[in-house]
Amino acid sequence: MDWITASARESFDRLQAKIEADLGSMSAKRRRAFFDRLEDRSEEIFRLAHRLYGWRWDFAWVLEELVLTAARATSDRPKWLRRGDADGAAWLHDGRSIWAMAYIDRFAGTVSELERAEGHLSSLGITHVHLMPPYAVPDGPDDGGYAVSSYRQLRSGLGSIDELGSYIKNQHQLGRGVVLDVVANHTADNHRWAEAAKRGEPPFDEFYLMFDTREEVEEWLPDLRMIFPDAGEPFVWRTDVAGPYGGKWVWSTFFDFQWDLNYQNPQVLIAMLSEMLFLANLGVVALRMDATPFLWKAKGTTCENLPEAHLILKLMASLVAVVAPSIVFLSEAIVHPDEVSAFVRPDECPLGYNPLIMALTWEALATGEVRMLADALANRTGLPPGSQWLTYIRSHDDIGWGFADEDAWRLGIDPGAHRAFLTEFYAGSVADSWARGARFQENPITGDVRISGASASLAGLETAIEAGDGEAIDLAVRRLLAAQTLAFTSVGIPLIFLGDEIGMTNDHRYGEEPTHRTDNRWMHRPRYDWARLAESNLDPTTPTGRLLAGIRRLAKLRTDHAPVFSNDVIEVLETGHPGVLGYRRSADGSELLILISFTREPSEVLAPSALASGEGTWCDVHDLARPIVDEPIELCGYQTALMTRSASHVR
Ligand code: GLC
């Protein structure tokens, strides 16, 4: 037995009595289940905590508090959730899951009004809803809810935390999982912890990263990236911090009202764990871990993607698993593709957004060529077993052209020039661009700039409607369906930003809301248009009706072919045309062959037998009685072709 195993055993044996006392009135059976789970993970918890905090004189106390926090949450865990705890998260790999995301207020109004969306969510086959942070926020700007003042209260106007709990429970009964955020990197500057820090109250005076002098700040600055350059450098000078602690520099990676937490201090981790377990006991099936790369800071580094950030997530995951073993972490890391995938691990965040495929979908539409996209699908989507991508075309955030420079060079593309082209294209400043987006957070020093805009506006629907150009409208709808086809059939679990399924365009009046004025991401977070949904439902021949019907077909395709989608392997095919992407997905003798044209021109690609080897005749997925003739396939602009064959179709 190595010393870690021995120390872990000894520590947990010593802790046993204290934990017993904390488990309150729990039945013998539940106690046993808890201790079994703890026992399974005790060595891992000890090892991770020791790597982070083993150097501290109070390490034994740290370990004890972490485990006691988990024990308390276990005794608070409601009965209706306990049954599912043993089931694990089969949904991650069942090939059927479809996610949607929405702001409660902009989508439905209040928590109780979310019920009105029931029929719509079902019609899209939505299995999971990510509700954008609904928590209490400061007055004034709140970064779309990512400046959290309290996890235990909702933002005013949304309803109560109990109503949210009931909604989550109802959704659970309907078979749908609810997902909420943990904004672990920072809190709002009026969070209870921040207010206490301002007063210099221990232990909160060490909850944030505060510096007395500009000189200290200067020691860090040269290595740091500016995430929100409009907001200035990632430190803020707070003269309103009173008393002996007044006039400090506070680390704020994002906006100045979001203060970065100091995970060098284990009390921060203990406090955040407690908030996470509160959310776990509300009944969420997944926690979206916001801004994972930034959790740990070390002088002389970029303070992004550091090994300790991974240790923190692994330790949190392990402790949450002791309480609620089926909860999954979703990683939000918008960094270099190597670093993005490093967070997506079964023992860390088993699920991760795939910002690379998202950005390259738009890249392919702008260039009419699929080489970068095909290359990324083939070489950058592999994940360790037990982990999974969340694949999407738009979210509430901007689009960053986050492909790897080395990948671009290998394909003969100059990455800097290409990013500049893509930005100009989507900002609508290139002569024949159909897109209507806007530049977001331009960094004058590095030249880095991202793009805001609703998917429909980026795909050309807004300009086409304005021009009253029927053909352009048709092309825009096809672009959106081509992009969604990729999200629904390539890798991972598809995610819809609600509003995209009815082609909602940019909200150009976002600036009328004073707290949104300086953040043009609000352009692509419009209030949901229920009237348009009703019209689109009534008439599937209108542009938005076609889009909605097309997305519903994709949702049905996933259910119909769940075994194929549950196998995470994708085989990218040479189609014989630079503008057409092709890939095959297969499992247990069933196969899907998918072709997506990213060019507006008609194209001709290889015959099915030349595209994909194997026996049997391909049929149209929507019409199994219609065999596909084995000759070169002609596609119109942005057309998709989805074919299937299975052992039973082999003649
Ligand atoms: C994440 C969120 C983004 C927010 C940032 C800071 O990237 O998705 O909306 O601005 O974190 O919390």
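Rules used throughout
Residues numbered from 1 in each chain as written. Predicted model: local features only at pLDDT ≥ 70, side-chain atom pairs only at ≥ 80, totals over all residues. Heavy atoms only, no water. Near = heavy atom within 4 Å. Polar contact = N/O pair within 3.5 Å; in protein donor to acceptor, adjacent residues only side chain to side chain. Areas by Shrake-Rupley, 256 points an atom, 1.4 Å probe, with all protein chains shown as cover. Nonpolar A, V, L, I, M, F, W, Y, C, P; charged D, E, K, R; others polar. Pairing = 2+ DSSP bridges. Helix = DSSP H or I, 4+ residues; strand = E, 2+ residues; numbered from the N terminus. Axes fitted to C-alpha atoms, helices over the stretch in contact; angles between N-to-C directions. Contact = heavy atoms within 4.5 Å. Salt bridge = Lys/Arg side-chain N within 4 Å of Asp/Glu carboxyl O. Buried < 20%, exposed > 50% of the residue type's maximum accessible area, 1.4 Å probe, protein only.

*Asks:* Help me out: how do you make sense of the site of the ligand in this one?
*Replies:* The local shell around the ligand consists of Asp143, Tyr146, His186, Phe228, Phe254, Gln258, Arg288, Asp290, Glu332, His396, Asp397 and Arg521. One of the side-chain nitrogen or oxygen atoms of Arg521 is found 3.1 Å away from an oxygen atom of the ligand. In isolation the ligand offers 310 Å² of accessible surface; the protein chains occlude 95% of this area. Of the residues contributing to the shell around the ligand, the split by class is three nonpolar, three polar and six charged.

*Asks:* Just to check I follow, could you spell out the sheet that holds strand S5 (residues 177-182) for this structure?
*Replies:* Backbone hydrogen bonds are what pair the strands of a sheet, in a parallel or an antiparallel way. Spatially, eight strands are ordered S1-S2-S5-S11-S12-S13-S14-S17 in a closed barrel, and the strand pairing comes out parallel. Geometrically, the sheet is characterised by an average inter-axis angle of 30° between neighbouring strands, direction not taken into account. For strand S2 (residues 128-131) and S5, the ladder comprises three bridges, and the chain directions are parallel. Bridge assignment links Val129 to a residue of S5, and that residue is Val178. Packing against the sheet, helix H10 (residues 266-282) makes contact with S5, strand S11 (286-289) and strand S12 (328-331), and its axis sits at approximately 165° to S5.

*Asks:* For this particular structure, what's the right way to read the pattern of salt bridges?
*Replies:* Two side chains with opposite charge may pair up if their charged atoms get near one another. Scanning the entire structure with this criterion turns up 49 salt bridges. Taking the shortest distance from any N to any O, the salt bridge between Arg176 and Glu118 comes out at 2.8 Å. With Arg176 in the loop between helix H7 (161-173) and S5 and Glu118 in helix H6 (residues 118-123), the pair connects residues that are 58 residues apart, well separated along the chain. What makes Arg176 buried here is its relative accessible area of 7%. The partner of Asp529 in a salt bridge is Arg532, and the shortest N-O contact between them spans 3.8 Å. Connected through salt bridges with shared partners, the residues Asp143, Asp397, Asp519, Arg521 and Arg525 form a single ionic network.

*Asks:* Explain the sheet that holds strand S9 (residues 248-251) here, please?
*Replies:* Taken in spatial order, the three strands of this open sheet run S7-S9-S8, and their pairing is antiparallel. Strand pairing shows two members of the sheet lacking a second neighbour, strand S7 (210-211) and strand S8 (235-238), which therefore form its edges. In this structure, S8 lies alongside S9, joined through four bridges in antiparallel fashion. The residue bridging Arg238 from the neighbouring strand is Lys248, located in S9.

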